[in-house]
Amino acid sequence: MSNTNIRNVAIIAHVDHGKTTLVDAILKQTAANQGKTEITERVMDSMDLEQERGITIKAKNASVLYKDIRINIIDTPGHADFGGEVERVLRMADGVLLLVDAKEGPMPQTKFVLKKALELGHKAIVVINKIDRPDARPQEVVDKTFDLFVSLGATDDQLDFPIIYASAIAGVASLDAAVPGKDLIPLFDLIVEKIPHPHGDVNASLQILILNLSYDNYKGRIAIGRVDNGKITAGQQAILIKKNGAHIASRITGLLAFDGMTRKEVSEISAGDIVALSGFDDVEIGETVADPANPVALPLLNVDEPTMEMMFRVNDGPMAGKEGKYCTSRNIKDRLTKELETNVSLRVRQSEDEGSFLVAGRGELHLAILLEQMRRGGYELTVSRPEVIIKEVDGKKMEPFESLIIEVPEEHSGAMMEMVGKRKGIMENMQILDSGEQHYEFVIPTRGLLGLKNALMIATKGTAQMHHNFLKYAPMVEGLGRASHGALISMENGVAVGYALYNLQERGTLFISPGDDVYVGMIIGESNRESDNINVNPIKEKKLTNVRSKASDEAILLIPPRKLTLETALEFIDKDEYLEITPKSLRIRKKILDPNKRK
């Protein structure tokens with residue numbers, strides 16, 4: 001017996017193709033049907049970082065009711081750096097809604113999330129979103145999407161995907177691109193008709209694969225997963241099967257089902273539905289909750305390996321401990337250990353240096369988001385430059401390669417091609433879009449991507465769009481070195497003054513303003529000359545005399561400094577430098593602060 005009144009559907013898309021906006025519209029229209037309160041904008045973006053950046057970082061669950069059918073919605077991240085989230089939550093679903101922008105078409109992240117869904121055997125409904133854009137080209141986008149399915153090895157059944165045309169922001173959908181929709185009813189009907197109901201057996205022994213974790217101040221750790229078989233009741237005894245095969249018995253102290261964006265207490269949940277349960281204090285993602293009479297584990301969760309690594313270490317600079325609440329190596333270790341519970345594609349190991357940890361992730365953004373979360377949580381630390389993880393296979397060194405898509409106006413295409421060519425990027429495709437922009441597709445070593453985005457934005461005056469996605473490990477490319485930069489390095493401790501900075505700004509681009517604290521070995525700017533490290537004095541004040549002159553009393557005009565974000569700072573730092581991260585500041589410094597020892 002299976003649950004025919006449930007549909008588990010994951011919403012997958014490239015970054016900024018309207019996934020979270022569509023979830024808003026679904027929640028609003030089903031809430032209106034049930035007489036519930038108004039849904040706020042981008043309600044699924046619950047993290048402050050998600051709201052600020054407009055991207056989904058953590059996968060989340062919601063549930064709506066349509067014609068007595070419960071539709072469990074799983075919102076997934078659209079960026080490949082958060083692929084660990086995508087891979088595990090797709091195990092909860094029986095089908096997917098694939099959102100594709102009606103102008104941009106399939107992008108690298110579209111390919112990544114769709115590949116994972118097809119590998120699990122899921123059937124997809126293709127939603128051509130933003131159909132109301134004046135430059136929309138729905139038929140061409142449908143053709144490209146079909147080609148993508150073919151290239152990913154979709155089965156005949158998966159290739160026979162239904163298509164619906166939508167405007168998520170307007171909350172409408174239609175089966176015909178030429179006929180505007182009135183609401184999302186056609187989409188709901190398509191989900192009920194085309195997404196298969198769960199095939200779990202209600203009468204079999206209980207099996208729940210834990211795929212997400214959250215925490216409640218009263219209930220403790222809450223495990224979220226899908227009931228693959230059987231049924232679970234509040235208060236019953238259950239067995240937790242650990243990854244190492246150990247069995248832990250406990251009582252289910254709380255049983256929660258999803259209702260809209262909230263969770264409500266229920267007495268029983270049966271096969272096919274998504275459940276949040278409490279009762280196991282040390283449960284981890286990928287483990288199985290099973291029947292005590294017949295405990296059988298479900299297959300373990302496999303996620304792609306990390307491709308990039310960097311060192312997290314204690315801040316040992318002159319300003320250590322002044323701005324952060326958690327500064328010791330034990331604090332950092334505890335925070336990383338806690339992150340490993342939910343961040344399944346992260347790897348952490350102790351470094352040879354005391355108080356240092358090597359942290360590996362799926363990309364720069366994956367690691368940068370972790371650092372930003374730690375920073376906002378009151379942590380203070382220093383980190384090294386991100387480095388790609390090199391593997392050795394049959395005696396050959398292998399490095400990660402990525403597919404890279406760049407869209408750029410014609411006048412900047414020459415500068416872009418030169419920049420990507422220097423980084424060993426190989427062009428595979430090029431076309432001119434209806435908008436006049438040129439669309440390029442490359443295969444490039446991940447090493448070549450480090451620092452590319454920032455350099456590309458400067459070279460194209462911010463007009464380029466760049467997207468990339470992990471492709472494969474291949475033999476290491478020779479002759480690809482990372483370009484080093486020149487630096488203006490403080491030779492004094494103190495507070496920067498305008499007079500000194502005015503005299504220094506002609507030597508390069510400054511990162512600091514008057515009144516900022518500086519110390520010996522801190523990098524205060526980028527030198528105009530490549531690879532030219534200059535020791536400078538940013539605290540030198542103007543000598544005062546009793547003689548007044550017009551020249552000496554002229555106003556100082558300072559060029560506004562380049563304020564580095566966390567990502568641009570990680571791209572900027574060189575192999576002999578650290579990035580000092582505190583809740584209030586970002587400072588770049590040399591690993592060896594003393595200029596004499598540095599020589």
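None of these values were measured; they are calculated from a predicted model.

Visitor: It is not clear to me how the overall build of the protein should be interpreted in this structure. Could you clarify?
Guide: Scanning the protein from terminus to terminus reveals 15 helices and 35 strands. Against the 2.2 N^0.38 benchmark of 25 Å for 599 residues, the protein shows a C-alpha radius of gyration of 27 Å, consistent with a compact globule. Considered along the principal axes of its C-alpha atoms, the protein spans approximately 95 × 60 × 60 Å. Going through the 599 residues of the protein one by one, you find that 55% of them count as buried. By sequence separation, contacts in the protein at least 24 residues apart represent 72% of the contacts at least 6 residues apart. For the protein, the computed accessible surface area is about 27000 Å², with 49% contributed by carbon and sulfur atoms. One way to put it: in the protein the 74 positive side-chain charges average out to a point 5 Å from where the 86 negative ones average out.

Visitor: What is the right way to read the environment of glycine 200 from this model?
Guide: Tracing the backbone through its elements, the reader meets glycine 200 in the loop between helix H7 (185-194) and strand S8 (207-216). When its relative accessible area of 10% is taken as the criterion, glycine 200 is described as buried. Expressed as a C-alpha distance, the spacing of glycine 200 and arginine 226, which sit 26 residues apart in the sequence, is 9.9 Å.

Visitor: Sorry, what's going on with the sheet that holds strand S5 (residues 123-129) here?
Guide: What links the strands of a sheet is backbone hydrogen bonding, and the strands pair in either a parallel or an antiparallel sense. What the seven strands build is an open sheet, ordered S2-S3-S1-S4-S5-S6-S7; its pairing is mixed. This sheet does not close on itself; its edge strands, each paired only once, are strand S2 (60-66) and strand S7 (172-174). Shown here is a sheet whose adjacent strand axes are inclined to one another by a mean of 30°, direction ignored. In terms of strand pairing, strand S1 (residues 6-13) meets strand S3 (residues 69-75) through six bridges, oriented parallel.

Visitor: Quick question: what am I supposed to make of the environment of threonine 21 here?
Guide: Mapped onto the elements of the fold, threonine 21 is located in helix H1 (residues 19-33). What makes threonine 21 partly exposed here is its relative accessible area of 27%. Taking the C-alpha atoms as reference, threonine 21 lies 5.8 Å from alanine 168; in sequence the two are 147 residues apart.

Cut-offs applied
Residues numbered from 1 in each chain as written. Predicted model: local features only at pLDDT ≥ 70, side-chain atom pairs only at ≥ 80, totals over all residues. Heavy atoms only, no water. Helix = DSSP H or I, 4+ residues; strand = E, 2+ residues; numbered from the N terminus. Rg over C-alpha atoms; globule rule 2.2 N^0.38 Å. Buried < 20%, exposed > 50% of the residue type's maximum accessible area, 1.4 Å probe, protein only. Contact = heavy atoms within 4.5 Å. Areas by Shrake-Rupley, 256 points an atom, 1.4 Å probe, with all protein chains shown as cover. Lys, Arg positive; Asp, Glu negative; His and termini not counted. Charge placed at Lys NZ, Arg CZ, Asp CG, Glu CD. Pairing = 2+ DSSP bridges. Axes fitted to C-alpha atoms, helices over the stretch in contact; angles between N-to-C directions.

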